[in-house]
Structure formats: structure tokens, C-alpha cells
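Examination of the molecular architecture
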Amino acid sequence: MIDNGTHNVVRLVDVVKVFRMGQQEVRALKGINLAIRSGEYLSIMGPSGSGKSTLFNMIGALDKPTSGRVFIDEVDVSQLDAYELAWLRCRKIGYIFQTFNLIQVMTAMENVTLPMIFAGMSRDEYVEKGMELLQLVGLAERYQHKPPELSGGQQQRVAIARALANDPAIILADEPTGNLDLATGEEIIGLLKRLSAERGVTIISATHDIKMLNVSDRVVWIRDGMVDRIEDREELKITVGEVG
Amino acid sequence: MKPAVERQVVLPWTQVVRISFNALRARLFRSLITTATLVLAGAFVAYTFAGYAILNGLWPHAPAELKEKILSSGYESFAGSFGSTPKDRWLIALSLLVCTVGIVNAQLMAVTERFREIGTLKCLGALDSFVIKLFVLEAAYQGLLGGALGSLLGVMVSTGTLFIKFGTGVLRHWPVGHLAWIVCWNTGLAMVLSFTGVLYPAWVAARMEPALALRTEQ
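Conventions we followed
Residues numbered from 1 in each chain as written. Chains lettered and ligands numbered in written order. Predicted model: local features only at pLDDT ≥ 70, side-chain atom pairs only at ≥ 80, totals over all residues. Heavy atoms only, no water. UniProt positions renumbered as here; feature names shortened; annotations may be inferred. Helix = DSSP H or I, 4+ residues; strand = E, 2+ residues; numbered from the N terminus. Rg over C-alpha atoms; globule rule 2.2 N^0.38 Å. Contact = heavy atoms within 4.5 Å. Areas by Shrake-Rupley, 256 points an atom, 1.4 Å probe, with all protein chains shown as cover. Buried area = accessible area lost by both parts, 1.4 Å probe. Salt bridge = Lys/Arg side-chain N within 4 Å of Asp/Glu carboxyl O. Polar contact = N/O pair within 3.5 Å; in protein donor to acceptor, adjacent residues only side chain to side chain. Nonpolar A, V, L, I, M, F, W, Y, C, P; charged D, E, K, R; others polar. Axes fitted to C-alpha atoms, helices over the stretch in contact; angles between N-to-C directions. Parallel < 35°, antiparallel > 145°, perpendicular 65-115°, else oblique. Left-handed = near helix turned anticlockwise from the far one by under 90°. Buried < 20%, exposed > 50% of the residue type's maximum accessible area, 1.4 Å probe, protein only. Core = buried A, V, L, I, M, F, W, Y, C linked by side-chain atoms within 4.5 Å. Pairing = 2+ DSSP bridges. pLDDT = per-residue confidence, 0-100. Patch = residues over 30% accessible without salt bridge, like charges linked within 9 Å, V, L, I, M, F, W, Y side chains within 5 Å. Lys, Arg positive; Asp, Glu negative; His and termini not counted. Charge placed at Lys NZ, Arg CZ, Asp CG, Glu CD.

Going by the annotation in an unreviewed UniProt entry, the name recorded for chain B is FtsX-like permease family protein, with Desulfacinum hydrothermale DSM 13146 given as the source organism. What the UniProt record of chain B gives under Subcellular location (unreviewed entry) is the line "Cell membrane". Chain B has a UniProt comment under Sequence similarities (unreviewed entry) that states "Belongs to the ABC-4 integral membrane protein family."

Chain A appears in an unreviewed UniProt entry as Putative ABC transport system ATP-binding protein from Desulfacinum hydrothermale DSM 13146. Of the comments in the UniProt record for chain A, the one headed Sequence similarities (unreviewed entry) reads "Belongs to the ABC transporter superfamily. Macrolide exporter (TC 3.A.1.122) family."

Take a look at the structure:
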């Protein structure tokens, strides 16, 4: 395996997704080609309804494309059976959602350890690692709290800890700051950036939060189900500068 | 070289039992409503059969006037023993049918309420079989609890009404063994009903694509 940190962790080839709503056909994605390099912090920007979330689901192997191919670590996702898909979702990818999606009836600790239980870890291992992860996101003393007893920012931090549980190569974040206030949102972005720098995790984030631009290595602009343009950080500064 | 993608392990039953038990405990009130359906159906079945069992226990020891009283209050004896009439069996079959439909309804609601949770579980690496096991186990606990409570309730009500009608002889010749047997098979029956009722909802839940489950508004 090439491990110089520059191979493609995710590659999309001519990905098309059509939703059927009664008589109507909605083409959410109209042929997306995209290669995401290992270790980069990539933001997918675009207005709502542009196909961002659909693209997110494709990258995360949460939905099947109507046509085209999705490769994760150069493995064609459509060729995987249910067991392999579950393994991929469990070990390779960590998911973070706009609505946090913590299991409401479980404590922070139970939420964080769940992916490790699914991965078949022993109790001692997952309890220890769960505590470490909660410490990492600064919520160690709240491990016994359930999501309704935590603030939005705290819930999202638990979700980040959960996403890191099995040391995934990719963290997929769908509007991670969408339900948070400005300061908390910045905190979460900072945490993601730190993770990407310290652990070399590839972070892919669908967003329309401009704050995300400053920390991204690359930004993919989606418009109307197609890749509008891809910008590197250097070019970005100029664009942001112009806007500002 | 290790293959890029391996196969997800199947979670051992002990873990599934633990997770499903905690899930049920956390949603106690919601699940008690489903359980109530089973309690009522179970109580009705147990009431009917316990009544005949108690009369059978009492009959050989009953003085002539009590026998007279039992027969005149509408119980029919077939060759000196009491048993369910076709009408009883019809009522029981109907009540069980209504109960099962009620459970399917309640469990479909429960699945809908938990769409997002199921989607999240699948994102975290849950297999379809885990989702099915989760729902089936929760249903089994509900069946066990509902069946046991319903059976005891039925036996108690049956004993109480017969005691009022026919006096202390009912208690003196209370057929413990026979009644215990009724409680046992009736609890088993409730578990079977609960299991039957949850199969379709569990299947619906397990087959969902995670993306679809996550899209639903909470």
C-alpha cells in the first residue's frame, strides 16, 4: 500500500444520484468526479439543495449512487457485501452530523464506546479508550450524562469522540456547526483542525459555514449537483480577501 | 498484505442482550404501553382457563348444594369436569388476534420513532441482523413481562370472582400445580405473540439504508 500520505482515500468517478419522488425525477448529483487525498482537510461548500448532503452520503457509503463509482481506499464500495460495508462504516469512517445523532437513551460514555463494541473490542479496552477520547474532547467528567443533559456543543464533542472511536482514516462531517452558535462552532472547527493535524485524519466536511474556509486545505464548491470549482488554500485567501 | 476491507464481526449475544435490555429500560414508559396490550390479552386467557381449573379442583370436594349452585350459575360440566366451550375458544382466538395487530401497530410506531437511531447505529457499524435482534429481544422481554403479569392478574381475578360466588372451598382446593402450569404456558404464548408482532417492524427497520434513516426529521 502506498503510504506516503498522498494517496487518494476517496475517489468518485462520474457519480450520479437520482431521487424518484412520485412522478418526478430529481437529479441531485449530475456526474461528480472528485479525488480526496489522504490527510487533507477538505470542505464541501454550497448552498442548501446543491446536493451537498447527497454527496456526503455517497462518500460515506451511506447510500448507493444511481450510476458511477465510489472508491474508498481504492476499493469499489458497490462491490462490498453487507458485512464489509458495516466494517467500512465502523472502522474506516467516522461520522459527525449536524443534528449530532447521539443515541438519546445512552450516556456519553456508552455513545462513545458503541462503535468499539461493534468492532468486537473487549470491555476493558473500550472503557479505557472511551475515557481517553472523552478526555480528548474535554468531557471526561461528564461521561455519565445523557445527551439531553448536555449542551449542543458538548453533544457535538461527544459525537466527535464517537467518530474517533475506531481510529478511522476518514472523518465525515455533515454541517457539524449547523446547529451551534458562533463561538461553539468555532470551538468544534478548532477541534477538527487539531485532529487533522495531530492524527493525520482526513477530514471531509460538508458545510456552508464560511469559518470552515480558514482551516480547510481545499474547498470544493458544489452547485446544482456538479463540482463548480475546487480551490486550494492559497487561492482561497485571495477570494476571501476580496469578499472581506 | 491485509485486505483493504474486512468483514464486520457479528456481535455476541451477551452484548446484544445487554444493549437491548438497557434500551428497553431507558424507554420504560413507552414499552409499558405495548406491554399493557399483552397484559390484557394474557389476563383474559388466564382468567378463562384458571376458572375451569379452579372449578375442577373444587368439584370432587364440593357438597351437593354447592354443586347445584355451580351448575345453576351457568358452568357446564362434561362428564364431571369443566373445560373451555367453543364460545370461549372463539373469544380467546379473537382477543389474541386483536392483541397481535395491536402489537404490530405499536412496534411500527416504535420503529418510526427510532428511524434516526437505527440509521445512526448502522453508521457506527451495526449489521442488519443486530437491528433485528435488538427489536426481537426487546419484544421478548415485553412478552415475558406482559405475559407473566397478565397471567397472574387473570388467575387472581378468576380466584377472586369464584371465591365470592362459591365461598372458601375455592381457596381450600386451589389447584396450585395446574394454575402454575397455566401461568407458564400463557407467558410463553404472550412471548410468541410479541415475537410475531415485532417481526415485520424489525424487518422494516433492518433493511433501511442508513442515509434514508438519517434524513427523516425527528
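1. Quick word on the overall build of chain B
Scanning chain B from terminus to terminus reveals nine helices and two strands. Taken from N to C terminus, the helices and strands of chain B fall in the order α-α-α-β-β-α-α-α-α-α-α. In terms of C-alpha radius of gyration, chain B reaches 23 Å, well past the compact-globule figure of 17 Å for 218 residues. With respect to the principal axes defined by its C-alpha atoms, chain B has extents near 85 × 35 × 30 Å. A fraction of 86% describes how many contacts in chain B between residues 6 or more apart in sequence connect residues 24 or more apart. Accessible surface, chain B as shown: approximately 10900 Å² in total, 71% of it carbon and sulfur.

2. Quick notes on the UniProt feature "transmembrane region" (unreviewed entry) in chain B
Residue and element names in this part refer to chain B. Under the present numbering, the feature "transmembrane region" (unreviewed entry) in UniProt falls on residues 28–55, 90–111, 147–167 and 179–203. Helix makes up 100% of residues 28–55 and strand 0%, whereas the separation of the span's terminal C-alpha atoms amounts to 38 Å. The span residues 147–167 carries 95% helix and 0% strand; its end-to-end C-alpha distance comes to 28 Å.

3. Here's the deal with the interface of chain A and chain B
Listed as interface residues are 34 residues of chain A and, on the opposing side, 31 residues of chain B. The junction of chain A with chain B conceals about 3100 Å² of combined surface from both sides, 64% of it contributed by carbon and sulfur atoms. Considering only the surface of chain A that becomes buried against chain B, Tyr83, Trp87 and Phe118 of chain A emerge as the three largest contributors, covering 24% of it. Our count for the chain A to chain B interface comes out at two salt bridges. At the junction of chain A and chain B, the tally comes to seven residue pairs in polar contact (both at pLDDT 80 or more). Among the secondary structure elements, those contributing two or more residues to the side of chain A that touches chain B are α2 (82–92) and α3 (108–118) of chain A. Counting residues per element, the side of chain A that touches chain B draws most heavily on α2 of chain A, which supplies nine residues. Its residues assigned to classes, the side of chain A that touches chain B comprises 22 nonpolar, four polar and eight charged.

4. What about the packing of helix α2 (residues 28–58) of chain B against helix α8 (residues 176–207) of chain B?
Each pair of packed helices can be described by the angle between their axes along with the distance between the axes. Residue and element names in this part refer to chain B. It is at 10 Å that the axes of α2 and α8 come closest, and there the two elements cross at 155°. One finds that α2 runs roughly antiparallel with respect to α8. Regarding α2 and α8, the two cross each other, and that crossing is right-handed. Facing α2, whose interface residues are Leu38, Gly42, Val45, Ala46, Phe49, Ala50, Ala53 and Ile54, α8 presents His178, Leu179, Ile182, Trp185, Asn186, Ala190, Leu193 and Ser194. Each residue belonging to the contact of α2 with α8 can be placed in one class, and the counts come to twelve nonpolar, four polar and no charged.

5. Things to note about the side chain of Ser158 of chain B
Residue and element names in this part refer to chain B. In this structure, Ser158 sits in helix α6 (residues 128–166). Judged by relative accessible area, Ser158 falls into the buried class, the value being 1%. Residue contacts for Ser158: discarding those within four places in its chain leaves Tyr47, Ala50, Gly51 and Ile54.

6. Some words on the nonpolar core
Counting residues in hydrophobic clusters, the biggest one holds 52 residues, and the most contacted among them are Leu114, Phe118, Ile160 and Leu192 of chain A together with Ile19, Leu121 and Phe130 of chain B. With seven residues, α3 of chain A is the single largest residue contributor to this core. When neighbours within four sequence positions are excluded, Phe130 of chain B is seen to be in contact with Phe118 of chain A together with Leu11, Val16, Ile19 and Leu121 of chain B.

7. Digging into the sheet that holds strand β9 (residues 218–223) of chain A
All names here are of chain A. Taken in spatial order, the six strands of this open sheet run β6-β7-β8-β3-β9-β10, and their pairing is mixed. Two strands bound the open sheet, and with one partner strand each, they are β6 (93–96) and β10 (226–232). The average undirected angle you get between the axes of adjacent strands in this sheet is 15°. Taken together, the five bridges between strand β7 (residues 170–174) and strand β8 (residues 202–207) define a ladder with parallel strand orientation.

8. Things to note about the sheet that holds strand β5 (residues 75–76) of chain A
Residue and element names in this part refer to chain A. Ordered in space as β2-β1-β4-β5, the four strands form an open sheet in which the pairing is antiparallel. Each edge of the sheet is formed by a strand with only one pairing partner; in this case those strands are β2 (24–37) and β5. Sheet topology places strand β4 (residues 67–72) next to β5; two bridges connect them, and they run antiparallel. Paired with Phe71 across the two strands is Asp76, which belongs to β5.

9. Side note on the confidence of the model for chain B
Mean pLDDT for chain B: 88, with 97% of residues reaching 70 or above. Averaged over each element, pLDDT in chain B is lowest for helix α9 (residues 210–215) of chain B (77) and highest for α6 of chain B (93).

10. Considering the environment of Thr168 of chain B
Position of Thr168 of chain B among the secondary structure elements: in the loop between α6 and α7 (169–172). Taking the C-alpha atoms as reference, Thr168 of chain B lies 16 Å from Val155 of chain B; in sequence the two are 13 residues apart.

11. Points about a negative patch on the surface
Taken together, the side chains of Asp124, Glu125, Glu128 and Glu132 of chain A present a region of like negative charge at the surface. Relative to the assigned elements, Glu125 of chain A resides in helix α4 (residues 123–136).

12. Digging into unusual backbone geometry
Residue and element names in this part refer to chain A. Positive phi values are uncommon outside glycine, yet Asp14 reaches one of about 50°. Residue placement: Asp14 occurs in strand β1 (residues 8–21). The backbone phi angle of Asp224 is positive, close to 60°, even though this residue is not glycine. Considering the arrangement of structural elements, one finds Asp224 in the loop between β9 and β10.

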